[in-house]
Amino acid sequence: MKYQDSEYVVSRPDGYGIWNHCGSLSGTVRTPHGFVKVYSEGDRSSIELIIGGVCHRRFFKCGFTARGLVTKAARFAEDMHWKTP
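Described below are features of the structure shown in this document. By convention here, each chain's residues receive numbers from 1 onward along its written sequence. Two thresholds apply to this predicted model, a pLDDT of at least 70 for residue-level local features and 80 or more for giving and counting side-chain atom pairs, whereas whole-chain, interface and lining totals are computed over all residues. Side-chain measures were taken over the full set of non-hydrogen atoms in the model, leaving aside hydrogen atoms and water.

**Section: the overall build of the chain**
To qualify as a helix, a DSSP run of H or I must reach at least 4 residues; to qualify as a strand, a run of E must reach at least 2; elements of each kind are numbered from the N terminus. Per the secondary structure count, the chain includes 1 helix and 5 strands. Traced from its N-terminal end to its C-terminal end, the chain shows the element sequence β-β-β-β-β-α. Overall size of the chain, expressed as C-alpha extent along the three principal axes, is 45 × 35 × 25 Å. The proportion of buried residues among the 85 residues of the chain is 32%. Contact definition: two residues touch when any of their heavy atoms are within 4.5 Å. Considering only contacts in the chain between residues 6 or more positions apart, those separated by 24 or more positions represent 30%. Only the protein chains shown count as cover for residues, and all accessible areas are computed by the Shrake-Rupley method using a 1.4 Å probe. Approximately 6400 Å² of the chain is accessible, and the part contributed by carbon and sulfur atoms is 53%. Charge assignment: positive for Lys and Arg, negative for Asp and Glu; neither His nor the chain ends contribute. Think of each charge as sitting on NZ of Lys, CZ of Arg, CG of Asp or CD of Glu. Between the averaged position of the 12 positive side-chain charges in the chain and that of its 8 negative side-chain charges there is a distance of 4 Å. Residue burial is assigned from relative accessible area. The probe radius is 1.4 Å, only protein chains are included, and a residue is buried under 20% of its type maximum, exposed over 50%, and partly exposed in between.

**Overview of the pattern of salt bridges**
For this analysis, a salt bridge means a side-chain nitrogen from Lys or Arg found within 4 Å of a carboxyl oxygen belonging to Asp or Glu. In the structure shown here, the tally under the stated rule is 5 salt bridges. The closest approach of N and O atoms between Asp14 and Arg30, which form a salt bridge, is 2.9 Å. Here Asp14, found in strand 1 (residues 14–21), pairs with Arg30, found in strand 2 (residues 24–31); they are 16 residues apart in sequence, far enough to count as distant. For Lys37, the salt bridge goes to Glu48, with nearest N and O atoms at 3.8 Å. Here Lys37, found in strand 3 (residues 34–41), pairs with Glu48, found in strand 4 (residues 44–51); they are 11 residues apart in sequence, far enough to count as distant. Overall, the relative accessible area of 52% leaves Lys37 in the exposed class. Because the salt bridges share partners, they merge into one network encompassing Lys37, Glu48 and Arg57.

**Things to note about the packing of aromatic side chains**
Ring pairs shown here join Phe, Tyr and Trp side chains whose ring centres sit within 6.5 Å, with only the six-membered ring taken for Trp; geometry is labelled stacked below 30 degrees between planes, edge-to-face above 60, and tilted in between. Per the stated rule, a full pass over the model turns up 1 aromatic pair. Both rings, one in Phe60 and one in Phe64, keep their centres 5.2 Å apart while their planes meet at 90°; by these two values the pair is edge-to-face. Each ring is checked for a lysine NZ or an arginine CZ that lies within 6 Å of its centre and within 35 degrees of its normal; such an atom marks a charge sitting over the ring. Above the face of the Tyr16 ring, Arg30 is positioned so that its terminal group lies 4.5 Å from the ring centre.

**Quick word on the nonpolar core**
Within this scheme, the nonpolar core is defined by two criteria: the residues are buried Ala, Val, Leu, Ile, Met, Phe, Trp, Tyr or Cys, and they are joined through side-chain atoms within 4.5 Å. Grouped together as the largest cluster of nonpolar side chains are 15 residues, with contacts concentrated most on Ile18, Val36 and Val38. At the level of elements, strand 2, strand 3, strand 4 and helix 1 (66–83) are the ones that each hand at least two residues to this core. The residues contacting Val36, other than those within four sequence positions of it, are Gly27, Thr28, Val29, Thr31, Ile47, Glu48, Leu49, Ala73, Phe76 and Ala77.

None of this, on its own, says anything about what the molecule does.
Quick look at the structure:
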């Protein structure tokens, strides 16, 4: 079986995998510190990141746009990156 490896440096966060499903947003944000799962619907949102086998979650009592989710995910990933050993 033949395969090809590749790698790239993530220099800034992007929301390449955020989809709009009938008014709710969900998907993945790629950040320099890892991939963050995001979800937003109505007046609630959540973000989730796994570091070292531990799942970290943050909940919000407000909705966000896709751009807002990217910003929150990047800040969350950076916060968790510095908090974990």
